[in-house]
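# Residue-level structural notes
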Amino acid sequence: MGRERIEAAFARAKGESRAALVTYLMAGDPSLEESFKALCALRDNGADIIELGAPFTDPMADGPAIQRAGLRALANGTKLTDVLALAARFRKDDQTTPLILMGYANPIHSMGYEAFAKAAAEVGIDGTIIVDLPPEEDAGLREIYRPLGLSVIRLATPTTDEARAAKVADGASGFIYFVAVTGVTGAGSADPAAIAGKVAMVRRVSGLPVCVGFGVKNGAQAAEMAKIADGVVVGSAFVEKAQDAHETGKFETAAPAMGELAGELRRALAGVAKG
Amino acid sequence: MDLRNTWDQWPDANGRFGEFGGRYVAETLMPLILDLEREYRAAKQDPAFKAEMDDLWAHYVGRPSPLYFAERLTEHFGGAKIYFKRDELNHTGAHKINNCLGQVLLARRMGKKRIIAETGAGQHGVATATICARFGLDCVVFMGETDVERQKPNVFRMRLLGAQIVPVSSGTGTLKDAMNEALRDWVTNVEDTFYCIGTAAGPHPYPEMVRDFQSIIGKEARAQILEREGRLPDAVMACIGGGSNAIGLFHPFIEDEGVRLIGVEAAGHGIETGEHAAALNGGKPGILHGNRTYLLQTDDGQIIDAHSISAGLDYPGIGPEHAFLRDMGRAEYLSCTDQEALDAFQLCTRLEGIIPALEPSHAIARVGEVAKELGKDGLLILNMCGRGDKDVFSVAKALGVDV
Ligand SMILES: Cc1ncc(COP(=O)(O)O)c(C=O)c1O
């Protein structure tokens with residue numbers, strides 16, 4: 001499936017004249033069991049695509065919320081193989097919701113690119129976003145992905161000019177993740193007007209749907225972003241629900257709270273008609 | 001192709017030393033490091049840039065540093081003649097300023113007004129704060145909470161120099177976390193900020209650039225030993241944190257096949273205990289902080305905290321050129337425990353009247369064996385890359401003395 005599953009998700013959203021909702025959660029936070037329930041709750045409440053975070057000790061592009069989520073997941077003993085097993089469990093009953101594994105290069109490098117890619121395709125992961133593998137460094141992985149149908153999803157940012165956008169687009173598939181602010185995850189929110197031009201440029205150069213993330217926390221912000229993007233990514237706000245559950249010790253509250261937020265976001269996106 | 005015939009040509013156009021190095025950074029930083037590479041190439045060609053460096057090296061840093069015959073240490077071991085390359089006599093007390101000067105001059109050329117740096121022992125932070133004070137630039141230094149505590153004198157020095165210190169509590173509060181936080185700051189402040197990395201690691205072009213700036217150590221040492229002894233040394237030795245002082249000493253000797261290049265990593269409590277900082281001797285290849293290199297890591301690819309009595313060596317990685325030199329068999333990498341370094345610290349102080357930093361004490365701890373191996377006709381140079389003033393409190397504590 002891979003890439004086709006991602007394309008189908010965008011086609012569905014487009015068919016409903018709305019932007020796609022892309023949600024992020026950290027696998028293993030507050031526990032692997034709760035992450036499974038959260039995946040289902042996100043899907044049931046309208047997430048079109050789910051990014052499954054794989055924890056890393058040194059997440060250099062993440063702000064405090066996702067840093068701490070990763071450390072909690074690691075403290076729970078979450079390994080990359082557990083993240084893959086979680087995807088497999090979800091995929092058993094869900095053939096439609098794309099799963100994108102998001103993380104850093106070293107755990108994947110440690111498992112071996114080949115072994116990882118095969119396992120990822122087998123469990124029903126559709127693509128990956130590896131934050132510290134820019135186009136200059138992912139050629140090896142891309143070769144391995146191609147016959148497996150996995151998508152390499154790349155990032156574009158406010159520092160991306162047109163020449164760079166072409167480099168980012170070359171070999172990418174699925175969608176482009178536009179990072180709305182220069183900064184780490186969970187930082188301040190972006191002004192859609194300020195990035196609208198860049199987003200349009202990246203869409204034109206790449207020919208791919210462009211999803212905007214970083215700093216989008218609630219329905220109102222999501223609705224604003226939806227006006228300029230094909231999809232809206234929300235991450236830290238979901239991770240904060242897991243954090244609340246961890247802090248109160250009531251792990252079972254994580255999935256319902258995440259589901260509720262997904263519902264709010266999806267309703268907000270439904271209110272912004274896209275041509 | 002025999003990679004060994006082209007020692008001097010690394011890194012390649014992609015910033016690789018064989019399989020190591022590269023540019024593993026978030027997309028936000030890619031345009032910045034590509035720009036940095038262009039600017040560095042231009043500066044390297046510009047005689048005015050070199051002239052400004054040379055002038056400040058001579059009159060501000062105090063270069064060339066002497067090459068000193070360590071007579072009593074030589075007698076003590078009864079082997080090869082041991083010379084010290086005295087980079088501890090530099091302004092601010094370590095080799096770090098060689099690199100800071102180069103990078104800050106480059107930052108000025110690029111019109112950047114705000115300099116950020118990570119620091120472990122505080123030596124790179126002090127050197128960066130010093131050059132920023134000299135040029136009236138804003139300076140922000142990221143330092144792990146644990147290190148802020150164990151390197152108090154340097155924290156105060158940096159504040160006196162006008163730098164802002166940001167204690168880093170994320171992760172485990174040591175050098176690797178300080179580097180993460182500096183990268184996060186750089187991702188956030190892309191317009192006006194220059195990241196001055198303190199060792200020969202990080203994404204390309206840093207490993208090359210830092211090596212080039214630190215190579216002044218080896219260039220001087222090579223000329224000095226030829227003048228003093230009329231021949232090249234049999235070995236050159238240096239301690240390894242990220243590897244900047246070592247690569248600075250090694251690089252000008254790299255094509256002299258008869259010169260052994262010997263690095264000494266920090267073995268902490270012993271490599272077998274798992275509590276050490278010896279990435280080459282006790283790690284495996286991986287990706288961190290922008291480059292592929294040897295790293296301390298778990299079977300699942302999570303980074304393991306380093307341990308060393310020396311805050312300057314307390315880093316789970318190593319510069320990619322060392323990973324390359326080691327895999328190609330051009331350089332050798334030994335290790336030394338906390339206790340051996342403490343013993344060497346005292347030995348050198350007593351015999352030579354030079355209080356070494358704990359970092360070069362690691363190299364001193366292995367110098368006796370190498371000197372004996374080379375025999376009386378042998379000749380070796382050890383990089384005295386820092387002085388021990390900053391360490392007297394932690395050494396006193398380790399020796400159970402109240403000061
Ligand atoms: C005196 C001294 N030597 C060595 C080091 C280690 O760094 P490198 O291996 O880059 O020379 C440090 C780092 O702080 C230092 O202060």
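Data block above holds the structure.
My aim in this report is to walk through the structure given alongside it, one point at a time. Just so you know, these numbers come straight off a predicted model, no measurement behind them.

Reading guide: rules and limits
What you see as residue numbers is a count from 1 along each chain, following the sequence as written. Whichever chain is written first is A, and whichever ligand is written first is 1; the rest continue in order. Reporting in this predicted model follows two pLDDT cut-offs: at least 70 for local features of residues, and 80 or more for side-chain atom pairs to be given and counted; totals over whole chains, interfaces and linings ignore these cut-offs and use all residues. No hydrogens and no water enter the side-chain calculation; it runs on all heavy atoms of the structure. Every angle, taken between N-to-C directions, lies between 0 and 180 degrees, and every axis is a line fitted to C-alpha atoms, over only the stretch in contact when it is a helix. Put simply, DSSP marks the helices as runs of H or I at least four residues long and the strands as runs of E at least two long, and each gets a number from the N terminus on. The cut-offs work like this: below 35 degrees is roughly parallel, past 145 is roughly antiparallel, 65 to 115 is roughly perpendicular, and the gaps in between are oblique. The crossing is said to be left-handed when, going from far helix to near helix, the turn is anticlockwise and less than a right angle, and right-handed when the turn is clockwise. Note on contacts: a residue pair is in contact if any heavy atoms of the two residues lie within 4.5 Å. When at least one non-hydrogen atom of a residue lies within 4 Å of a molecule or strand, that residue is treated as near it. Here a polar contact is recorded for every N or O atom pair within 3.5 Å, except that within protein the pair must consist of a potential hydrogen donor and a potential acceptor, and residues adjacent in sequence are included only if both atoms are side-chain atoms. Areas reported as accessible are Shrake-Rupley estimates using a 1.4 Å probe. Residue values count occlusion only from the protein chains shown. All residues other than Ala, Val, Leu, Ile, Met, Phe, Trp, Tyr, Cys, Pro, Asp, Glu, Lys and Arg, Gly among them, are scored as polar; the first ten of these are nonpolar and the last four charged. Aromatic rings from Phe, Tyr and Trp, taking only the six-membered ring of Trp, are treated as a pair when their centres fall within 6.5 Å; an angle between ring planes under 30 degrees marks them as stacked, one over 60 as edge-to-face, and anything in between as tilted. Burial classes: relative accessible area under 20% of the type maximum marks a residue as buried, over 50% as exposed, and values in between as partly exposed (1.4 Å probe, protein chains only). Remark: a charge is flagged as sitting over a ring if the NZ atom of Lys or the CZ atom of Arg is within 6 Å of the ring centre and within 35 degrees of the ring normal. Surface patches are drawn from residues lacking salt bridges whose relative accessible area is over 30%; two like charges belong together within 9 Å, two nonpolar side chains (Val, Leu, Ile, Met, Phe, Trp, Tyr) within 5 Å. Salt bridge, as used here, is a side-chain nitrogen of Lys or Arg placed within 4 Å of a carboxyl oxygen of Asp or Glu.

## Observations concerning the packing of helix α2 (residues 32–44) of chain A against helix α12 (residues 254–270) of chain A
Residue and element names in this part refer to chain A. Running from N to C, α2 and α12 cross one another at 25°; their axes reach a closest spacing of 8 Å. In this view, α2 runs roughly parallel relative to α12, as classed from their interaxial angle. For the crossing formed where α2 meets α12, the hand is right-handed. The residues of α12 that touch α2, namely those facing Glu34, Lys37, Ala38, Ala41 and Leu42, are Ala255, Met258, Gly259 and Ala262.

## Looking at the site of the ligand
All names here are of chain B. Not every one of the 18 residues close to the ligand is listed here, only the nearest: Thr199, Gly241, Gly243, Ser244 and Asn245. Take histidine 95: an N or O atom from its side chain is 2.9 Å from an oxygen atom of the ligand. Glycine 241 has a polar backbone atom sitting 2.6 Å from an oxygen atom of the ligand. The protein chains hide 97% of the 390 Å² of surface that the ligand would expose on its own. When the residues that make up the shell around the ligand are grouped by side-chain class, the tally is six nonpolar, ten polar and two charged.

## So, the packing of aromatic side chains
Counting across every chain of the model gives eleven aromatic pairs over all chains. Ring centres of tyrosine 177 of chain A and phenylalanine 214 of chain A lie 6.1 Å apart, and the angle between their planes is 85°; on these two criteria the pair is classed as edge-to-face. Here tyrosine 177 of chain A, found in strand β7 (residues 176–179), pairs with phenylalanine 214 of chain A, found in the loop between β8 (210–213) and α10 (219–226); they are 37 residues apart in sequence, far enough to count as distant. Taking relative accessible area as the criterion, tyrosine 177 of chain A reaches 4% and is therefore assigned buried. Its relative accessible area of 10% is what places phenylalanine 214 of chain A among the buried residues. Here the aromatic residues Trp186, Tyr195 and Tyr206 of chain B are joined through ring pairs into a cluster of three or more. For lysine 81 of chain B, the ring lying beneath its charged end belongs to phenylalanine 69 of chain B, and the centroid distance is 5.0 Å.

## Quick notes on a nonpolar patch on the surface
All names here are of chain B. Together, Ile355, Val392, Phe393, Leu399, Val401 and Val403 give the surface a local cluster of nonpolar side chains, amounting to about 550 Å² of exposed area. Mapping valine 403 onto the fold places it in the segment after α16 (392–398). Since its relative accessible area comes to 76%, valine 403 is described here as exposed.

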